[in-house]
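Chain by chain, the residues run as shown.
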Amino acid sequence: MGERTLAIIKPDAVERRVTGRIIRRIEDAGFTIRAMRRVQLSKREAEGFYAVHRERPFFASLTSFMSSGPAIVMVLEAPDAIRQWRTLMGATDPAKADSGTLRKEFAQSIERNATHGSDAPETAAYEIGYFFAGVDLA
Ligand code: GDP
């Protein structure tokens, strides 16, 4: 069994109808989608998800964006999944993202940047548990 990470196709990408293209890239890169669902976060749920960022100046804007429309949440599994998924996503700011990355191709701005990925094993555990029950991942 590989490592697991929490991935989100953010509301900007869902609205622009590129969900399928992003999922194809995920599968082509060798990740197994262990769980997946569409969610419409409330503002409060987005704040809970991004609680570690509550002191950041963009927290209000980020949580409004993340609750502005449906998103797709997924658990991805692969060897070294946390790092591999962040590599496939690219830099937070699409202007700084390498070519071939999802954010280079699909992000519109540093905030509306198409995808999310956990940044460490502890955050992956928190984020997976935020959206999925153990029974979904058995
Ligand atoms: P990530 O791990 O690459 O997603 O980046 P961070 O953990 O630093 O930030 C979380 C999310 O907040 C990013 O994916 C962006 O959607 C948003 N974000 C990060 N930096 C900024 C910023 O400077 N301004 C705004 N408006 N949003 C930001």
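As a reminder, the structure under discussion sits directly above these lines.
All values reported here derive from a predicted model rather than from experimental measurement.

1. Topic: the site of the ligand
For the ligand, the full set of nearby residues is Lys-10, His-53, Arg-56, Phe-58, Leu-62, Arg-86, Thr-92, Arg-103, Ile-110, Glu-111 and Asn-113. Within the side chain of Arg-86, a nitrogen or oxygen atom sits 3.1 Å from an oxygen atom of the ligand. At 2.5 Å, a side-chain N or O of Thr-92 approaches an oxygen atom of the ligand. Protein chains shield 80% of the accessible area of the ligand, which is 550 Å² for the free molecule. Taken together, the residues of the shell around the ligand sort by class into 3 nonpolar, 3 polar and 5 charged.

2. Things to note about the pairing of strand 3 (residues 71-78)
Across the 8 residues of strand 3, 8 count as buried, placing the element largely inside the fold. The alternating pattern of strand 3 places Ala-71, Val-73, Val-75 and Glu-77 and Ile-72, Met-74, Leu-76 and Ala-78 on opposite faces, both of which are buried. In this structure, strand 1 (residues 3-9) lies alongside strand 3, joined through 7 bridges in antiparallel fashion. Within the sheet, the bridge partner assigned to Ile-9 lies in strand 3 and is Ile-72. Bridge count between strand 2 (residues 32-39) and strand 3: 7 bridges; the pairing is antiparallel. The residue of strand 3 that forms the bridge with Ala-35 is Val-75.

3. A few points about helix 4 (residues 59-66)
Turning to helix 4, its buried residues number three or more, namely Phe-59, Leu-62, Thr-63, Phe-65 and Met-66. Here the buried residues of helix 4 occupy an arc of 155 degrees about the axis, which is enough to place them on one side. Of the surrounding elements, those touching the buried residues of helix 4 are strand 1, helix 1 (11-15) and helix 3 (43-49).

Cut-offs applied
Residues numbered from 1 in each chain as written. Predicted model: local features only at pLDDT ≥ 70, side-chain atom pairs only at ≥ 80, totals over all residues. Heavy atoms only, no water. Near = heavy atom within 4 Å. Polar contact = N/O pair within 3.5 Å; in protein donor to acceptor, adjacent residues only side chain to side chain. Areas by Shrake-Rupley, 256 points an atom, 1.4 Å probe, with all protein chains shown as cover. Nonpolar A, V, L, I, M, F, W, Y, C, P; charged D, E, K, R; others polar. Buried < 20%, exposed > 50% of the residue type's maximum accessible area, 1.4 Å probe, protein only. Helix = DSSP H or I, 4+ residues; strand = E, 2+ residues; numbered from the N terminus. Pairing = 2+ DSSP bridges. Arc of directions from axis to C-beta. Contact = heavy atoms within 4.5 Å.

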